[in-house]
Amino acid sequence: MAPQKIAAGNWKMNGDLAALTQLDALTADGCQVLICPPSVLIHAMVQKAEGSAILVGGQDCHDKTSGAHTGDISAEQMRDVGASHVILGHSERRADHGETDADVSAKAITAHQAGLVTVICIGETESQRDSGETLQVIATQLAGSVPDCATADNTVIAYEPVWAIGTGRTPTEDQIAEVHALLRDELGARFTDGANMSLLYGGSVKAANATQIFAIPHVDGALVGGASLKADDFAPIIAALTAA
Ligand code: 13P
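The present account deals with the structure reproduced in this document. (Residues numbered from 1 in each chain as written. Predicted model: local features only at pLDDT ≥ 70, side-chain atom pairs only at ≥ 80, totals over all residues. Heavy atoms only, no water.)

Structural notes on the overall build of the protein chain
Across its full length, the protein chain holds nine helices and eight strands. Against the compact-globule benchmark of 18 Å for 244 residues, the protein chain has a radius of gyration of 16 Å, which places it among compact chains. Per-residue burial over the protein chain gives 51% buried out of 244 residues. Carbon together with sulfur atoms contributes 51% to the accessible area of the protein chain, which is approximately 10500 Å² in total. Across the protein chain, the mean location of the 14 positive side-chain charges is 2 Å away from that of the 30 negative side-chain charges. (Helix = DSSP H or I, 4+ residues; strand = E, 2+ residues; numbered from the N terminus. Rg over C-alpha atoms; globule rule 2.2 N^0.38 Å. Buried < 20%, exposed > 50% of the residue type's maximum accessible area, 1.4 Å probe, protein only. Areas by Shrake-Rupley, 256 points an atom, 1.4 Å probe, with all protein chains shown as cover. Lys, Arg positive; Asp, Glu negative; His and termini not counted. Charge placed at Lys NZ, Arg CZ, Asp CG, Glu CD.)

Structural data, given as structure tokens:
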């Protein structure tokens, strides 16, 4: 079984009810299409996506199933309103909320128990890359953020170099290939179905570079921020992945 091809959109803290009409111009055949809106829009987006193959996910969840955690949302609640996936460990969560690899792993376990597929994000900062630490950082984050219960069915890995997010800068093809080969090797060594886990690249993916990025070995799709907000930008990325 080859890894599932996935075009995933991360709306971050963008969008409103009116923006859900963007789904009207998106089709999902030939690859999975996942959109992760802010949590307040998940239910409405699930309803909007009904009858299409578009999947809807959250951007974070708590590591507890319920309780006194004001402002937080549980994986079970996301599942209840129709989400199928949840992004975990995005660098913006790690930076803004101090999330550690152990936090991400704990959340992933809870999300899997709730029946969600996790999209676990890892990536080096610019200074880590400049000082030659990228592969070590990635291996450490991968080992610490992905729990033992991960399988190719419940886990997707997204490599998102922090310095490429929202900057218009992307790594070279060789740099992406090097990290994705490491991910494939490490996952294959640790998990029986590690060879089948989907590996996404994220960071300034747009229509103009998607085809090139999807041709890189062990890149099974993308986690797209800014270019996922408008169907005109996201549809060509989905088409590029379908054609890859
Ligand atoms: P951009 O595509 O806007 O660079 O964001 C990438 C990202 O962080 C997706 O999670």
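Here's the deal with the site of the ligand
The environment of the ligand is formed by 13 residues, the closest being K12, H90, G166, S204 and G226. Within the backbone of G166, an N or O atom sits 2.6 Å from an oxygen atom of the ligand. With respect to the ligand, the backbone of S204 contributes an N or O atom lying 2.8 Å from an oxygen atom. Within the shell around the ligand, the residues separate by chemical class into four nonpolar, seven polar and two charged. (Near = heavy atom within 4 Å. Polar contact = N/O pair within 3.5 Å; in protein donor to acceptor, adjacent residues only side chain to side chain. Nonpolar A, V, L, I, M, F, W, Y, C, P; charged D, E, K, R; others polar.)

Concerning the packing of helix α6 (residues 134-145) against helix α7 (residues 173-190)
Remark: α6 packs on α7, axes separated minimally by 10 Å, with the N-to-C direction vectors making an angle of 35 degrees. Where α6 crosses over α7, the two elements pack in a sense that is right-handed. Between α6 and α7, the residues in contact are T134, L135, I138, A139, L142 and A143 and E178, V179, L182, L183, E186, L187 and R190, respectively. When its residues are assigned to classes, the contact of α6 with α7 shows nine nonpolar, one polar and three charged. (Axes fitted to C-alpha atoms, helices over the stretch in contact; angles between N-to-C directions. Left-handed = near helix turned anticlockwise from the far one by under 90°. Contact = heavy atoms within 4.5 Å.)

Re the side chain of H62
Assignment of secondary structure puts H62 in the loop between β3 (55-58) and α2 (75-80). H62 gets classed as buried once you look at its relative accessible area, which sits at 15%. There is a polar contact of 2.9 Å between the side chain of H62 and the backbone nitrogen of K64. A distance of 3.4 Å separates the side chain of H62 from the side chain of H69, its partner in a polar contact. In contact with H62, other than residues within four places in its own chain, are H69, D72, I73, S74, K107 and T110.

Let's talk about unusual backbone geometry
A positive phi angle, close to 50 degrees, is found at K12, a residue other than glycine. With respect to the helices and strands, the residue K12 is situated in the loop between β1 (6-10) and β2 (32-36). One non-glycine residue, H218, adopts positive backbone phi at about 70 degrees. Mapped onto the elements of the fold, H218 is located in the loop between α8 (207-214) and β8 (221-224). The exposure class assigned to H218 is partly exposed, which follows from its relative accessible area of 35%.

Digging into the environment of S198
On the secondary structure map, S198 appears in strand β7 (residues 198-202). A relative accessible area of 4% means that S198 is categorised as buried. Apart from residues no more than four positions distant in its own chain, S198 is found in contact with P3, Q4, I6, T155, V156, I157 and D220.

Here we look at the sheet that holds β2
In spatial order, the strands read β1-β2-β3-β4-β5-β6-β7-β8; together these eight strands close into a barrel with parallel pairing. Between one strand and the next, the sheet's axes are offset by a mean angle of 25 degrees, whatever the strand orientation. Where β2 meets β3, two bridges bridge the pair, whose relative direction is parallel. Within β3, the position partnered with L34 by the bridge is L55. The strands touched by helix α1 (residues 42-49) are β2 and β3; relative to β3, the strand with the most contacts, the crossing angle is about 170 degrees. Lying over the sheet, α7 contacts β5 (117-122), β6 (155-159) and β7, oriented at roughly 150 degrees with respect to β7. (Pairing = 2+ DSSP bridges.)

None of this, on its own, says anything about what the molecule does.
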